[in-house]
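The residues making up each chain are set out below.
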There are 2 protein chains.
Amino acid sequence: MSYQPIKVEFVNPFLDATSAVFRTMLNTELKRGALYLRQGMTLSHEISGIIGLSGKAKGTVLIGMNSDFAIAVTDKLLGEKPDGLTPEVIDAVGELANMVAGGAKTRLEELNMSISLPSVIAGKNHTVSFPSGAVPIGIPFESELGAFSVEVSLVEVA
Amino acid sequence: MSYQPIKVEFVNPFLDATSAVFRTMLNTELKRGALYLRQGMTLSHEISGIIGLSGKAKGTVLIGMNSDFAIAVTDKLLGEKPDGLTPEVIDAVGELANMVAGGAKTRLEELNMSISLPSVIAGKNHTVSFPSGAVPIGIPFESELGAFSVEVSLVEVA
């Protein structure tokens, strides 16, 4: 299979959805950094929530972070600080991916997409790769809880 | 979110699709082992292809293996033995996930599912987790190329 990179007009809905999720669920404002292209088998974040999108376009949304950020987010969501990478933290990261993908899906109504279940990858030394040609665009964010990235790979179905 | 485990009648289509992919694409017959439930944050396979499904049911298909198996499959697909975990191997693992999910989707026509793009996770020491309650069923396979597993998490959308 060969794919084209994501269209620029598809990026903003993911940006807006991420900001909205952090504002409404975590009362946290985000500052966005410069977009980047994620190419090759670079090492991945310590924890990633991944979820699939399909419909008139198909692709993947990844939200990647270190464990301190994941724990801080879970603390703020549940009001109790988790003692390391507990199942609650894993669920919170999956739920973040779910909410960002759900928000972007709503904003990209014309693509009529639906979302799959999230998977959460954790480990200090692994790679996450996408199909050749489906180069994801990465969006780095900073906040008072720490830094994280959202990476989006999305192609229109012929 | 809380989910139910996958219904047993949804498992066979993934089993049949996997056998069909290996028979037609790799001229390889599979021997199936005993199904298992994948619970908690157990360590994952060295390489996993993951792909999302959505529609009247949503979920995730994972095909997990060690690097020797991934290299053997790529060798057989391309007719040239890759020199380690090259981008060709990563693409082949993603394509396996894509073909297994696509085959199961066709066999589960009543669920009207579509599939996302594959992601491929590689690394010797990482975990892949699914949402609490969406406990995946694992299907171990053996073949002349080596052993691998298919893990399926699928829930009907209310």
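- In the annotation of an unreviewed UniProt entry, chain A is listed under the name CheY-P phosphatase CheX and assigned to Lacipirellula limnantheis.

### Concerning the overall build of chain A
Right, on to step 1. In terms of regular secondary structure, chain A is built from 3 helices and 9 strands.
Right, on to step 2. In chain A, the succession of helices and strands from N to C terminus is α-β-β-β-β-α-α-β-β-β-β-β.
Right, on to step 3. Here the C-alpha atoms of chain A give a radius of gyration of 15 Å, agreeing with the 15 Å that 2.2 N^0.38 yields for 158 residues.
Right, on to step 4. Viewed in the frame of its principal axes, chain A has a C-alpha envelope of about 45 × 30 × 30 Å.
Right, on to step 5. For chain A, the proportion of its 158 residues judged to be buried stands at 58%.
Right, on to step 6. Surface accessibility of chain A: about 6,700 Å² in total, with carbon and sulfur atoms responsible for 50%.
Right, on to step 7. Charge-centre separation for chain A: the mean point of 12 positive side chains lies 7 Å from the mean point of 17 negative side chains.

### Overview of the pairing of strand 9 (residues 146-156) of chain A
Within a regular strand, side chains alternate between the sheet's two faces.
All names here are of chain A.
Right, on to step 1. Most of strand 9 sits out of view: 8 of its 11 residues are buried.
Right, on to step 2. The pairing of strand 8 (residues 137-143) with strand 9 spans 7 bridges and is antiparallel. Each residue of the ladder has a partner; that of Ile137, found in strand 9, is Val152.

### A few points about the pattern of salt bridges
All names here are of chain B.
Right, on to step 1. All told, the structure shown has 6 salt bridges over all chains when counted by the stated rule.
Right, on to step 2. Residue Arg23 is joined to Glu29 by a salt bridge in which the shortest nitrogen-to-oxygen separation is 3.0 Å.
Right, on to step 3. Residue classification places Arg23 among the partly exposed positions, given a relative accessible area of 44%.
Right, on to step 4. Here Glu46 ties to Lys124 by a salt bridge, and the two come within 3.5 Å at their closest N and O atoms. Highlighted residues: Glu46 in the loop between strand 2 (36-37) and strand 3 (47-54) and Lys124 in the loop between strand 6 (119-122) and strand 7 (127-129), separated in sequence by 78 residues.
Right, on to step 5. A residue is classified by how much of its surface remains accessible, and Lys124, at 68% relative accessible area, is exposed.

### Observations concerning the relation of the copies chain A and chain B
One chain copy maps onto the other through a rotation about an axis and a shift parallel to that axis.
Right, on to step 1. Once chain A is rotated about the relating axis by 180° and shifted along it by 0.0 Å, it coincides with chain B to within an RMSD of 0.0 Å. The superposition operator between the copies reduces to a two-fold rotation axis. Minimal C-alpha separation from the rotation axis in chain A is found for Gly52 of chain A, amounting to 2.4 Å.
Right, on to step 2. Both copies share a contact surface, since 100% of the interface residues of chain A are interface residues in chain B too.

What counts, and where the lines are drawn
- Residues numbered from 1 in each chain as written.
- Chains lettered and ligands numbered in written order.
- Predicted model: local features only at pLDDT ≥ 70, side-chain atom pairs only at ≥ 80, totals over all residues.
- Heavy atoms only, no water.
- Helix = DSSP H or I, 4+ residues; strand = E, 2+ residues; numbered from the N terminus.
- Rg over C-alpha atoms; globule rule 2.2 N^0.38 Å.
- Buried < 20%, exposed > 50% of the residue type's maximum accessible area, 1.4 Å probe, protein only.
- Areas by Shrake-Rupley, 256 points an atom, 1.4 Å probe, with all protein chains shown as cover.
- Lys, Arg positive; Asp, Glu negative; His and termini not counted.
- Charge placed at Lys NZ, Arg CZ, Asp CG, Glu CD.
- Pairing = 2+ DSSP bridges.
- Salt bridge = Lys/Arg side-chain N within 4 Å of Asp/Glu carboxyl O.
- Least-squares fit on C-alpha atoms with pLDDT ≥ 70 in both.
- Contact = heavy atoms within 4.5 Å.

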